[in-house]
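# Understanding the architecture of this molecule
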Amino acid sequence: MPVKNRFAELLPEITAWRRDFHEHPELLYDVHRTAGRVAELLRDFGCDEVVEGVGRTGVVGVIKGQTDTQGRVIGLRADMDALPIIEQTGLDYASKTPGKMHACGHDGHTAMLLGAAKYLAETRNFDGTAVVIFQPAEEGGAGGEAMVQDGLVSRWNIQEFYGMHNMPGMPVGSFSIKPGAMMAAADQFDIIVTGKGGHAAKPHECIDTTLTAAQIIVALQSVVSRNVDPLKNAVVSVCVVSTDSTAHNVIPQVVRLKGTARSLDAGVRDQLQEGITRIATNIAAAMGATAEVDYQRGYPVTMNDDQATVWAADVARDIAGDVNLDMQPMMGGEDFSYMLNEKPGAYIFVGNGDTAMVHHPAYNFNDDAIPAGSSWYAGMVEARMPAA
């Protein structure tokens with residue numbers, strides 16, 4: 001099952017959809033234009049059912065195979081939302097919405113799945129039901145969780161989930177995957193350090209929150225280096241430091257820290273939460289201040305099922321001739337994890353070529369990857385539910 005000729009024929013059309021989405025980026029759940037266009041196209045393809053508003057603004061399309069002898073249902077997922085980034089590509093189809101940009105390739109994911117949906121609706125060369133899922137709010141809004149909570153699995157009896165993301169730096173149309181933990185749990189924390197503000201010329205009359213916060217920031221790096229097994233992966237990063245004063249001569253009453261904690265293991269995730277809380281509160285106490293820690297668990301680990309990984313790799317290998325099964329797990333988060341927590345499945349990366357990295361203002365999805373990506377989506381349906 002190499003790259004399907006039909007996707008070579010459809011490439012100009014799929015590319016046009018992708019570039020239209022790129023010109024009109026939308027954030028989080030506010031993807032009304034994108035979702036409306038997706039639903040319109042799915043209806044044009046002749047999908048048996050098109051449902052809007054799943055998980056607030058998600059779209060689900062149902063495509064029945066020529067036969068359905070075993071009641072099999074496969075879910076294919078793509079994300080639709082963009083990022084709050086000012087685009088710097090200079091493309092003639094660059095974002096027309098200031099401050100918003102498809103800087104992660106969700107426009108490409110949506111277009112590739114639409115291409116697969118059109119092909120599957122035309123051919124229906126499978127035994128079962130394909131459910132195409134277009135999800136909002138992957139970029140921090142947990143749209144995958146919202147769709148699951150809205151009955152995604154039970155309403156359509158989905159038994160396996162498959163998803164895809166492009167990856168700059170990998171050859172165009174190549175594939176990488178691994179079993180087990182593929183992407184990290186993505187948590188965040190807020191630390192509010194409270195002391196005694198005052199004049200910077202009289203620090204002895206104050207409890208210096210800036211100095212306290214600095215000690216906390218440095219010490220938090222020991223959570224990973226001295227508490228977590230060095231053979232396991234973890235990241236703790238403090239990314240924002242703000243105070244209640246901007247003056248050069250004021251010791252602030254309050255300093256706020258914001259950061260992220262990433263892990264690939266449930267036990268390590270617990271260690272990070274405990275360690276961050278312990279270090280922040282105890283160092284603050286030692287300095288005569290207080291620290292209030294708000295640790296918020298975000299997306300869970302994206303965990304590929306072992307057998308589903310084999311199936312996903314087999315389809316990818318037929319398309320690309322080879323597949324990298326030794327991909328290192330990534331510490332980025334992905335809310336496809338909520339779907340994989342419900343049913344077995346796999347998440348794979350497709351090469352975007354030598355482009356800027358995702359989340360960069362010069363990034364652009366590579367349209368040359370479309371035939372491979374669409375072939376993989378469609379191939380998963382045909383391989384997992386072969387025609388009777």
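Notes on the structure in this doc start here. Note that the structure is predicted; figures quoted are calculated from it, not measured.

Let us now look at the sheet that holds strand 3 (residues 73–79). What the seven strands build is an open sheet, ordered 1-2-4-3-5-15-6; its pairing is mixed. Where the open sheet ends on each side, the last strands, each with one partner, are strand 1 (49–54) and strand 6 (175–176). Relative to the sheet, helix 2 (residues 32–45) contacts strand 1, strand 2 (58–64) and strand 4 (129–135), its axis offset from that of strand 1 by approximately 170 degrees. Sheet contacts for helix 10 (residues 370–384): strand 3, strand 4, strand 5 (160–168), strand 6 and strand 15 (345–353); angle to strand 5, the most-contacted strand, approximately 160 degrees.

Summed over the entire model, instances satisfying the criterion amount to eight aromatic pairs. Ring centres 6.4 Å apart and planes at 80 degrees place the aromatic pair tyrosine 162 and tryptophan 376 in the edge-to-face group. Highlighted residues: tyrosine 162 in strand 5 and tryptophan 376 in helix 10, separated in sequence by 214 residues. Neither residue differs from the other here; tyrosine 162 and tryptophan 376 are each classed as buried. Measuring from centroid to centroid gives 5.6 Å for tyrosine 347 and phenylalanine 349, while their planes differ by 80 degrees, and the two rings are edge-to-face. Overall, the relative accessible area of 2% leaves phenylalanine 349 in the buried class. A connected cluster of aromatic rings, assembled from ring pairs, spans Phe161, Phe336, Tyr347 and Phe349. In this structure, arginine 56 is placed above the aromatic ring of tyrosine 29, and the distance from its NZ or CZ to the ring centre is 3.8 Å. Cation over ring: arginine 384 sits above tryptophan 311, and NZ or CZ is 3.3 Å from the ring centre.

Attention now goes to unusual backbone geometry. Despite not being glycine, arginine 124 shows a phi value in the positive range, around 50 degrees. You can see arginine 124 is positioned in the loop between helix 3 (106–123) and strand 4. In this model, asparagine 157 sits at a positive phi of 55 degrees, which is unusual for a non-glycine residue. You can see asparagine 157 is positioned in the loop between helix 5 (152–156) and strand 5. We classify asparagine 157 as partly exposed; its relative accessible area is 44%.

This brings us to helix 10. For helix 10, built from 15 residues, the straight-helix expectation of 21 Å at 1.5 Å per residue is met to within 8% by its first-to-last C-alpha distance of 21 Å. Burial runs high along helix 10: 14 of the 15 residues are buried.

Throughout the structure, instances matching the rule amount to 22 salt bridges. For arginine 43, the salt bridge is made with glutamate 52, and the minimal N-O distance between the two is 3.1 Å. Assessed through its relative accessible area of 44%, arginine 43 is described here as partly exposed. One salt bridge in this structure joins aspartate 335 and arginine 77, with 3.0 Å as the shortest N-O distance.

Quick look at the environment of valine 132 now. If you trace the backbone, valine 132 turns up in strand 4. Considered as a pair, valine 132 and glycine 275 are 143 residues apart in the sequence and their alpha carbons are 41 Å apart. Non-local contacts of valine 132, meaning those with residues more than four positions away in its chain, are made with Leu42, Val59, Val60, Gly61, Leu76, Leu113 and Ala117.

Turning our eyes to something else, we now look at helix 7 (residues 266–286). Over its 21 residues, helix 7 runs 30 Å from end to end, which matches the ideal 30 Å to within 8%, given 1.5 Å per residue. Those residues of helix 7 that sit buried are Val268, Arg269, Leu272, Gly275, Ile276, Ile279, Ala280, Ile283 and Ala284. For helix 7, the buried positions fall inside an angular range of 135 degrees around the axis, keeping them on one side. Away from its buried face by more than 90 degrees, helix 7 exposes Ala266, Ala285 and Ala286. Summarising the contacts, the buried residues of helix 7 are in contact with strand 8 (185–194), helix 6 (209–227), strand 10 (234–243), strand 12 (254–263) and strand 13 (290–299). Taking the backbone nitrogen of glycine 267 as reference, a side-chain oxygen 2.8 Å away marks aspartate 265 as the first, capping residue of helix 7. Glycine 288 occupies a position one or two residues after helix 7 and carries a positive phi of about 85 degrees.

What counts and what doesn't
- Residues numbered from 1 in each chain as written.
- Predicted model: local features only at pLDDT ≥ 70, side-chain atom pairs only at ≥ 80, totals over all residues.
- Heavy atoms only, no water.
- Pairing = 2+ DSSP bridges.
- Helix = DSSP H or I, 4+ residues; strand = E, 2+ residues; numbered from the N terminus.
- Contact = heavy atoms within 4.5 Å.
- Axes fitted to C-alpha atoms, helices over the stretch in contact; angles between N-to-C directions.
- Phe/Tyr/Trp six-rings, centres within 6.5 Å; stacked < 30°, edge-to-face > 60°.
- Buried < 20%, exposed > 50% of the residue type's maximum accessible area, 1.4 Å probe, protein only.
- Lys NZ or Arg CZ within 6 Å of the ring centre and 35° of its normal.
- Expected span 1.5 Å × (residues − 1).
- Salt bridge = Lys/Arg side-chain N within 4 Å of Asp/Glu carboxyl O.
- Arc of directions from axis to C-beta.
- Polar contact = N/O pair within 3.5 Å; in protein donor to acceptor, adjacent residues only side chain to side chain.

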